[in-house]
Amino acid sequence: MRRVKGLAITLIGLIWVLQSCTYKLSLNGASIPPNMKTIRVDFFENTAQLVVNNLSQQFTEALKDRIRNTTRLSIVTGETADAVMSGTITDYNIAPVSIQATNNTTQPLADQTRLTITVNVKYVYDADKKLSFEQPFTKYKDFKGAIAPVEQSLIADINKQLTEDIFNKAFANWD
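Note that this is a predicted model, so its numbers are computed, not measured. (Residues numbered from 1 in each chain as written. Predicted model: local features only at pLDDT ≥ 70, side-chain atom pairs only at ≥ 80, totals over all residues. Heavy atoms only, no water.)

Caption draft 1: Quick look at the nonpolar core. F44, I67, M85, I117, Y123 and F171 are the most contacted members of the largest nonpolar core, which totals 34 residues. For this core, the elements supplying multiple residues, two or more each, are β1 (38-41), α2 (55-70), β4 (83-100), β5 (109-125), β6 (133-143) and α3 (151-172). The element contributing the most residues to this core is α3, with eight residues. Excluding residues that lie within four positions of it along the chain, I67 makes contacts with I39, V41, L73, I75, M85, F167 and F171. (Core = buried A, V, L, I, M, F, W, Y, C linked by side-chain atoms within 4.5 Å. Buried < 20%, exposed > 50% of the residue type's maximum accessible area, 1.4 Å probe, protein only. Helix = DSSP H or I, 4+ residues; strand = E, 2+ residues; numbered from the N terminus. Contact = heavy atoms within 4.5 Å.)

Below is the structure:
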């Protein structure tokens, strides 16, 4: 009986100590300052030479969704926010990666083609300027055949990769 009582007291003490710890663990790896409550994500205009009509909207919404689904931050529009993320889509490029050999009477064909998207992102957090940054992020996806049937799924995949990198730079603080 004495042993059970001692174990219960030890367990209660351990729980009390653990509750008083100030370490914050997060499954998504985010390390958001406690005083940051809101963020504004501006529309990312597409300034690339090759323009896809819905790319700006898709990218901007993918970035908002990434922040909304994995942080406690409220996304605000047209208001003063604790942090602001803005930028432009600066490159949308389709280029052959490998060439398929053909006979002497036909031109060589692209065996694999690469879709590359580059986004320049400016992140401003006035409360701690060392967390602010401005830099380009580039991701690509290779594909075979014509782009038309796979373009939207490639864009979605690349947007996911880009928003992951941007999120990690802004909130995970791995540097």
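Still more ground to cover, so stick around.
Caption draft 2: How the structure looks around the pattern of salt bridges. Within the structure shown, the criterion is met by nine salt bridges. The residue R66 makes a salt bridge to E164 at a minimum N-O spacing of 2.9 Å. Here R66 is found in helix α2, whereas its partner E164 is found in helix α3, with 98 residues between them in sequence. Residues K141 and D157 are paired through a salt bridge, measuring 3.7 Å at the closest nitrogen-oxygen approach. On the criterion of sequence distance, the pair formed by K141 in strand β6 and D157 in helix α3 is long-range, its members being 16 residues apart. Looking at D157, the relative accessible area reads 34%, which means it is partly exposed. (Salt bridge = Lys/Arg side-chain N within 4 Å of Asp/Glu carboxyl O.)

Caption draft 3: Summary view of the environment of A172. Along the polypeptide, A172 turns up in helix α3. C-alpha separation for the pair A172 and I32, spaced 140 residues apart in sequence, amounts to 7.7 Å.

Caption draft 4: Here's a closer look at the confidence of the model for the protein. This prediction gives the protein a mean pLDDT of 85; 74% of its residues lie at or above 70. In this model, residues 16-28 is a region of pLDDT below 50 whose contacts with residues beyond four sequence positions or in other chains number five contacts. (pLDDT = per-residue confidence, 0-100.)

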